[in-house]
Amino acid sequence: MPSGAPKGENCLVEMDSKAGDLFSAEDAHPTGTGGAGILAKLWLPKGFSASMAKEWIDRRRLSIRPWASFVDQRKFSKPRNFGEFCQRVVKNVEVYNSNYTFIFLGLILYCIISSPMLLIALAVFAGAFYIIHLKSQESKLVVLGKELTVPHQMSLAGAVSLPVFWLAGAGAAVFWVLGATLFVIGSHAAFRELEGSDIEELLMEPV
């Protein structure tokens, strides 16, 4: 009888080793400099990485004001005059900048999720851009004697997916997001009373 692990266990060990190779950092990067497995194989624009996006989000999260204070109804009132209105808008946009950013991103996400056609259009754009980029890696894409750069590739992908965006009503979606953002942020910035420290800071500013 042969020694060692049973045949079934050998099969499992072989599958595990293959899975390890699939997600290994060595294979994740063509130059062997490391990476993050399969996720590292996904192409990102030059100069941009997932870590940069995460770092940007983390900075925003650290500077965000407490949401309980952000929506505290006791701190909302009508501005007494136009001067106070302008002061509130300018200062609140500065103070609650991170909160407003997440509100804007939330409205974009809601708009995309609530529109299946828009999801399809974004998928078509991403697919077209990815295919064009793969082709450019295999051989340089030259149009009218000029090599296609990353912005040119994105423009070409946008042109390919433009009919789908048009069918999905992307223009109306963009105007809806902008309108909703201006209404929500503008209303909050205008009616949210300034904190005592913010008022003192305004008074100390040179005229």
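Below is a summary of the structure that appears in this document. (Residues numbered from 1 in each chain as written. Predicted model: local features only at pLDDT ≥ 70, side-chain atom pairs only at ≥ 80, totals over all residues. Heavy atoms only, no water.)

Regarding its fold elements, the chain presents 11 helices and 2 strands. Starting at the N terminus, the α and β elements of the chain follow one another as α-α-α-α-α-α-α-α-β-β-α-α-α. Expressed as a percentage of contacts within the chain between residues at least 6 apart in sequence, the contacts between residues at least 24 apart total 75%. Here the chain displays about 15,000 Å² of accessible surface, and carbon together with sulfur accounts for 68% of that area. (Helix = DSSP H or I, 4+ residues; strand = E, 2+ residues; numbered from the N terminus. Contact = heavy atoms within 4.5 Å. Areas by Shrake-Rupley, 256 points an atom, 1.4 Å probe, with all protein chains shown as cover.)

Let us look at the environment of His133. By the secondary structure assignment, His133 is in helix 8 (residues 116–138). Along the primary structure His133 and Met154 are separated by 21 residues, whereas in three dimensions their C-alpha atoms are 9.1 Å apart.

Each turn of an α-helix holds 3.6 residues, which means side chains three or four residues apart point in the same direction. Along its 14 residues, helix 6 (residues 82–95) runs 20 Å from first to last C-alpha, staying within 8% of the 20 Å computed at 1.5 Å per residue. Within helix 6 the residues assigned to the buried category are Glu84, Arg88, Lys91, Asn92 and Val95. Projected down its long axis, helix 6 carries its buried residues within an arc of 100 degrees, all on one side. Looking at helix 6, the residues exposed on the side facing more than 90 degrees away from the buried face are Phe82, Val90 and Glu94. Residue Asn81 occupies the N-cap position of helix 6, its side-chain oxygen lying 3.2 Å from the main-chain nitrogen of Gly83. (Expected span 1.5 Å × (residues − 1). Buried < 20%, exposed > 50% of the residue type's maximum accessible area, 1.4 Å probe, protein only. Arc of directions from axis to C-beta. Polar contact = N/O pair within 3.5 Å; in protein donor to acceptor, adjacent residues only side chain to side chain.)

Here Val93 lies in helix 6. According to the relative accessible area criterion, Val93 is partly exposed, its value standing at 34%. Taking the C-alpha atoms as reference, Val93 lies 9.5 Å from Ala190; in sequence the two are 97 residues apart. Contacts of Val93, omitting those with residues within four sequence positions, involve Arg88, Tyr100 and Ala189.

What follows is about the environment of Arg192. Looking at where Arg192 falls in the secondary structure, it is placed in the loop between helix 10 (170–191) and helix 11 (196–204). According to the relative accessible area criterion, Arg192 is buried, its value standing at 1%. Linking Arg192 and Phe76, residues 116 residues apart in sequence, is a C-alpha distance of 4.6 Å. A distance of 2.9 Å separates a polar atom in the side chain of Arg192 from a polar atom in the side chain of Tyr96.

Below, the discussion takes up the packing of aromatic side chains. Summed over the entire model, instances satisfying the criterion amount to 7 aromatic pairs. Ring plane angle 70 degrees and centroid distance 5.4 Å describe the contact between Phe70 and Tyr96, whose orientation is recorded as edge-to-face. Taken together, the residues span a long stretch of sequence, with Phe70 in helix 5 (residues 67–70) and Tyr96 in the loop between helix 6 and helix 7 (97–113) at a distance of 26 residues. Judged on exposure class, the residue Phe70 and its partner Tyr96 are both buried. Measuring from ring centre to ring centre gives 5.8 Å for Phe70 and Tyr100, while their planes differ by 65 degrees; the resulting arrangement is edge-to-face. (Phe/Tyr/Trp six-rings, centres within 6.5 Å; stacked < 30°, edge-to-face > 60°.)

Counting residues in each nonpolar core, the largest one holds 9 residues, listed as Phe70, Val95, Tyr96, Tyr100, Ile103, Leu107, Ala180, Ile185 and Ala189. The set of elements that each furnish at least two residues to this core consists of helix 7 and helix 10. Here Tyr100 is in contact with Phe70, Asn92, Val93, Ile185, His188 and Ala189, once residues within four sequence places are set aside. Counting 8 residues, the second largest nonpolar core, distinct from the first, contains Cys111, Leu118, Phe165 and Ala173. (Core = buried A, V, L, I, M, F, W, Y, C linked by side-chain atoms within 4.5 Å.)

Okay, the pattern of salt bridges next. One pass over the structure, following the stated rule, counts 4 salt bridges. Of the charged contacts in the structure, one is a salt bridge between Asp72 and Arg74, with a shortest N-O distance of 3.2 Å. Judged by its relative accessible area of 71%, Arg74 falls in the exposed class. Each of Arg80, Glu84 and Arg88 takes part in salt bridges that share partners, so that together they form one network. (Salt bridge = Lys/Arg side-chain N within 4 Å of Asp/Glu carboxyl O.)

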